[in-house]
Amino acid sequence: MATIAKDALHTPLCDLLGIQYPICQAGMGFVARSDLAAAVSEAGGLGVLAAAHCTPSELRAEIRRVRDGTNRPFGVDILFATTQGAGEEVERFTEMARGWIDVTLDERVPVLIAGLGTPGPVTAEAHRLGMKVMALCGNVKQARDHAAGGVDVIIAQGHEAGGHTGRVGGLVLVPAVVDAVAPRLVLAAGGIADGRGLVAALALGAAGIWMGTRFIATREAYGHDNYKRKIVAIDEESTVVTRASSGKPCRLIRNDFTRAWEKREAEIQPFPVQFERVGKPASIRAREQGDIENGSAACGQSAGLIHDVRPAREVVDAVVAEARAVLAGLGAGG
Ligand SMILES: Cc1cc2nc3c(=O)[nH]c(=O)nc-3n(C[C@H](O)[C@H](O)[C@H](O)COP(=O)(O)O)c2cc1C
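Quick caveat: nothing in here was measured; it's all calculated off a predicted structure. (Residues numbered from 1 in each chain as written. Predicted model: local features only at pLDDT ≥ 70, side-chain atom pairs only at ≥ 80, totals over all residues.)

A short note on the domain arrangement of the protein
Phase 1 of the analysis: Parsing the protein into structural domains produces domain 1 (2-222 + 308-324) and domain 2 (225-301).
Phase 2 of the analysis: Computed from C-alpha atoms alone, the centre-to-centre distance between domain 1 and domain 2 is 22 Å.
Phase 3 of the analysis: Counting residues at the interface gives 27 residues for domain 1 and 23 residues for domain 2.
Phase 4 of the analysis: Those elements giving two or more residues to the side of domain 1 that touches domain 2 turn out to be helix 5 (88-106), strand 7 (163-164) and helix 10 (213-216).
Phase 5 of the analysis: Residue contributions to the side of domain 1 that touches domain 2 peak at four residues, all from helix 5. (Domains from an automatic or database assignment. Contact = placed C-beta atoms within 7 Å. Helix = DSSP H or I, 4+ residues; strand = E, 2+ residues; numbered from the N terminus.)

What follows is the structure in structure tokens.
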């Protein structure tokens, strides 16, 4: 039985990316830096650097640090969001995004991931350089657009997810996306924090998982201990979706920051203006400085499933061991 279950965890994603387990660590702004990405890749999953908090030259230094820590594949997650209007913040964001893309292509990072928007012509550029491309979606239309644009792996991110998120729950979104883009590979994201979630994702037709919040509560995640401890302490009802942090719907821990902005809805600016003016400093306040009540602390509903802060390798190992036990219990493979 153990052998059958082990094979069930070796999915086409493992072959496509050259990884041992179909477990990808989500790109998470301010949190997902080189220590975490290297640790997850070394543990057999796919570690991912988030670009959102970096300048392009900081991103290049982080890519090199991952390479110092592991020879295994890893990814860089870039916000490709379409911006509205003009102005200083829009120009700064657009220039920054171009810089992240250039550095990621120049460094030939094995996997480029598009968060928020569509990678467009960057997909073909990445393919020419031998890289793979993955992209997040929150509905079937976005998934179809990604597939039409040649994206290799589509990440179906359910409403449960931490950070920017859509309106559709994962139990509906994942199989709907699988059906829409077959035979392209799909990852399930949002609300997954253990081996049960991995097996459920596979049962829905996904080739693996893209897991964020569980990896915040690890030793290697870049973040204040207060942030990590808060994720362990809160339950599944302690988050809220708000545009306060970036101008786009984003799931955060419910706190004084989110409550204050409930009364200031009309003042919220579109992305990236709100992010540059409010979200960035508020994210640093909560995630780096530990002021969890007054800052922007992105977190998913899966916090309700997380009960400890542990090394990233232990998270990967535990998800694999639990998934095998669940598969064995289901009599998977007959
Ligand atoms: C703290 C935090 C920051 C995030 N930042 C990003 C980001 O920069 N780019 C991105 O594509 N997704 C970002 N996300 C969303 C994740 O990629 C992922 O979809 C999500 O964490 C999955 O749901 P889960 O948290 O329930 O595992 C973020 C999520 C969190 C919790």
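Comments concerning the confidence of the model for the protein
Phase 1 of the analysis: In this model, the protein carries an average pLDDT of 95, and 97% of its residues clear a pLDDT of 70 or more.
Phase 2 of the analysis: Overall, residues 1-5 carries pLDDT values under 50, and its contacts beyond four positions in sequence, including any with other chains, amount to nine contacts. (pLDDT = per-residue confidence, 0-100.)

A word on helix 3 (residues 34-42)
Each full turn of the α-helix corresponds to 3.6 residues, which orients residues three or four apart in the same direction.
Phase 1 of the analysis: Of all nine residues making up helix 3, seven are buried, and the element is well covered by its neighbours.
Phase 2 of the analysis: Among the residues of helix 3, those classed as buried are S34, L36, A37, A38, A39, V40 and S41.
Phase 3 of the analysis: Against the buried residues of helix 3 lie strand 1 (23-25), strand 2 (47-50), helix 4 (56-69), strand 3 (74-79), helix 10 and helix 14 (312-330).
Phase 4 of the analysis: Directly after helix 3, the chain includes G44, whose backbone phi takes a positive value near 105°. (Buried ≥ 20, exposed ≤ 12 C-beta atoms within 10 Å, placed from the backbone.)

Considering the packing of helix 3 against helix 14
Phase 1 of the analysis: It is at 8 Å that the axes of helix 3 and helix 14 come closest, and there the two elements cross at 35°. Once helix 3 is placed against helix 14, the crossing between them reads as right-handed. Contact residues: L36, A39 and V40 in helix 3; A312, R313 and V316 in helix 14.
Phase 2 of the analysis: Here the residues of the contact of helix 3 with helix 14 are counted per class, giving five nonpolar, no polar and one charged. (Axes fitted to C-alpha atoms, helices over the stretch in contact; angles between N-to-C directions. Left-handed = near helix turned anticlockwise from the far one by under 90°. Nonpolar A, V, L, I, M, F, W, Y, C, P; charged D, E, K, R; others polar.)

Quick notes on the sheet that holds strand 7
Phase 1 of the analysis: Read from one edge of the open sheet, three strands run 7-11-10, paired in antiparallel fashion. Edge positions in the sheet fall to strand 7 and strand 10 (239-242), since each has one partner strand and no second.
Phase 2 of the analysis: Here strand 10 runs beside strand 11 (residues 250-253); their pairing, made up of four bridges, is antiparallel. Within strand 11, the residue paired with T242 across the bridge is C250. (Pairing = 2+ DSSP bridges.)

Details of the pairing of strand 2
Phase 1 of the analysis: The alternating pattern of strand 2 places G47 and L49 on one face and V48 and A50 on the opposite face, and all of these are buried.
Phase 2 of the analysis: In this sheet, strand 3 lies alongside strand 2 in parallel orientation, the contact comprising four bridges. Bridged to V48 within strand 3 is G75.
Phase 3 of the analysis: Remark: the strand 2/helix 4/strand 3 crossover connection has right-handed handedness. (Right-handed = clockwise from strand over helix to strand, strands pointing away.)

Let's talk about the site of the ligand
Phase 1 of the analysis: Residues in contact with the ligand amount to 28 residues; listed here are only the nearest, G115, G162, G163, G212 and G300.
Phase 2 of the analysis: Elements represented by at least two residues in the shell around the ligand include exactly strand 3 and strand 9 (208-211).
Phase 3 of the analysis: For the shell around the ligand, the residue count by class is 14 nonpolar, 12 polar and two charged.
Phase 4 of the analysis: Here the shell around the ligand spans two domains, and each of domain 1 (2-222 + 308-324) and domain 2 (225-301) adds at least three residues to it. (Near = placed C-beta within 6 Å.)

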